[in-house]
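Residue-level structural notes
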Amino acid sequence: MEVWNWDYFFRFLIDPVILRGLWTTLWLTLVTLTLAIVVGTLVALIGRLDNFVARWFYAGYVAFFRSTPLLVQLIFFYSALPQLGISLSVVTAAVIGLSISESPYVAEIVRSSVSAIPTGQWEAARALGMRPYKVLKVVIFPQATRIAIPPLGNEFVRQLKNTSLVSVISMQELFRATDNMIQASFRVLEALTVATIYYLVLTMLWTIIQHQIEYRLSEYAFDRRGAGGSAH
Amino acid sequence: MATASPFVSLSGIVKRFGEVTALDAVSLDVQEGETIALIGPSGSGKSTLLRCINGLETIQDGTITVAGNLIGMKPVNGAMQPLNGREIARQRESIGMVFQSFNLFPHMSAQDNVASGLIHVKNEPRARARARAAELLEQVGLKGKEKSYPRQLSGGQQQRVAIARALAMRPGVMLLDEPTSALDPETVQEVLNVVADLGRTGMTMLIATHEMEFARNVSTRTVFMEAGRIVEVGPSRAFFDNPASDRARRFLQGLTAS
């Protein structure tokens, strides 16, 4: 067997199975991170309530889902729940497992970003008569988002790589598609190189998008849109 | 005037932070159109008193009414119950607050800061709110700064935006918490001029301040506080020319000596 075969490499690069796996990896990342942001934000807001039960719920939620491995959670949702009479499809188990395991990390990012907004901002918004949800929507979240984007960017990359784990519950994402190629051809090096390249491309695309988002939210961009007005 | 019911009425206010009593049975009546200067050493309770009036602090005892409305609580079956966030928010709409550190929203232009209450509390159409904001910015001498962001403005300019932001809500009373204490000396006067103009329009105001000249010349009455109590209240000229209490006299002498 020769060391490296370009023919296999290019064939894998455009193989429909691999490309479908790539697409699955991409939407799985986007959907589960979005769900994790929604759930994590809600959990973080509950944790901020001035209420004993709410704070314990927050601490318990984060501790529990952060302390158990994603792999264990995935197999639990897919293989253990049926024993309790709850059967989830592969896709449902994968989406729930990836979202839930990611949500405590998002909750901690949201909590710290919101805490970073000075008390004076809350007070100024309240003093105007803004209702509690408007205080969050109009004053706190726009400022907290700017702080949260870099760590959330990290989570996107982590989540992208974590999707490879759903291959163990037979979800046909990029890694499992690659594995199928390997089983059929025994060309491990070429197939894994293709998978690596695609993971790398997705990560690099995201890095560019993240920089764009950060730029748009930056103070510099505020100034640019402000156009005029002297700095002191 | 003496027979009119007070616009702001504080009766036996007690505020504690843990073991510390910040306000100790404070009572004060303010008539409509009055400008009240709150003076006294740091930690005497001036800021806390203002913050209680718009419910940013909850009081342990006493009652506060503004325009006849009980602030922060309501009687339910004969007992007092604290208001929820939505009810307190409604009360704050008609009470303007200006902070020592401005607290402008950094992600909004000066104009959007001023319009924010109209848009997000009064639900006015954006165009109308922003037009009104532009008028108010002109009123506080900031025409041309509509598009500037807070960090592009000097402290005095930021504080004038903050005053315009509070005025936009058409409040019945303005609370100003040491509005010039965080400013460079050269910008203090521009803010005090705006406040003095406001007083002349008949706005009811309570101002915690260390600017004694301003208190003497602009306010109708001066309230001297120490250790959470009101030591002396009097018409401002008379108070500064001839304070009745020893404590106030020593406080004023200490200021001129330094």
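The structure presented is a predicted model; accordingly, all values stated were derived computationally and were not measured.

Topic: the overall build of chain B
- On a plain count of helices and strands, chain B comes out with nine helices and 12 strands.
- Over its C-alpha trace chain B gives a radius of gyration of 18 Å, about what one expects of a compact globule, namely 18 Å for 258 residues.
- The principal-axis extent of the C-alpha atoms belonging to chain B is close to 55 × 50 × 40 Å.
- Counting all 258 residues of chain B, 48% fall into the buried class.
- Looking at chain B alone, contacts between residues at least 24 apart form 63% of all its contacts between residues at least 6 apart.

Concerning the sheet that holds strand 2 (residues 20-30) of chain B
Residue and element names in this part refer to chain B.
- Taken in spatial order, the four strands make up an open sheet running 2-1-4-5, and their pairing is antiparallel. Because the sheet does not close on itself, it has two edges, and the strands there are strand 2 and strand 5 (69-70).
- Where strand 1 (residues 8-17) meets strand 2, eight bridges bridge the pair, whose relative direction is antiparallel. Counted as the bridge partner of R16 is T21 from strand 2.
- Seen against the sheet, helix 1 (residues 46-53) touches strand 1, strand 2 and strand 4 (61-66) and runs at an angle of roughly 65° to strand 2.

A few points about the interface of chain B and chain A
- Every contact between the two is made by 29 residues of chain B and, on the other side, 26 residues of chain A.
- Taken together, the elements giving at least two residues each to the side of chain B that touches chain A come down to helix 2 (85-92) and helix 3 (110-120) of chain B.
- Here the side of chain B that touches chain A gets five residues from one element, more than from any other, and that element is helix 2 of chain B.
- Here the side of chain B that touches chain A is composed, by residue class, of 10 nonpolar, 12 polar and seven charged.

Structural notes on helix 9 (residues 188-217) of chain A
All names here are of chain A.
- The end-to-end C-alpha distance of helix 9 is 43 Å, a good match for the 44 Å that 30 residues give at a rise of 1.5 Å each.
- Of all the positions in helix 9, only E190, A191, V194, A195 and Y198 are classed as buried.
- Where helix 9 is buried, its residues touch helix 1 (6-13), helix 2 (16-48) and helix 8 (174-185).

The rules behind these values
Residues numbered from 1 in each chain as written. Chains lettered and ligands numbered in written order. Predicted model: local features only at pLDDT ≥ 70, side-chain atom pairs only at ≥ 80, totals over all residues. Helix = DSSP H or I, 4+ residues; strand = E, 2+ residues; numbered from the N terminus. Rg over C-alpha atoms; globule rule 2.2 N^0.38 Å. Buried ≥ 20, exposed ≤ 12 C-beta atoms within 10 Å, placed from the backbone. Contact = placed C-beta atoms within 7 Å. Pairing = 2+ DSSP bridges. Axes fitted to C-alpha atoms, helices over the stretch in contact; angles between N-to-C directions. Nonpolar A, V, L, I, M, F, W, Y, C, P; charged D, E, K, R; others polar. Expected span 1.5 Å × (residues − 1).

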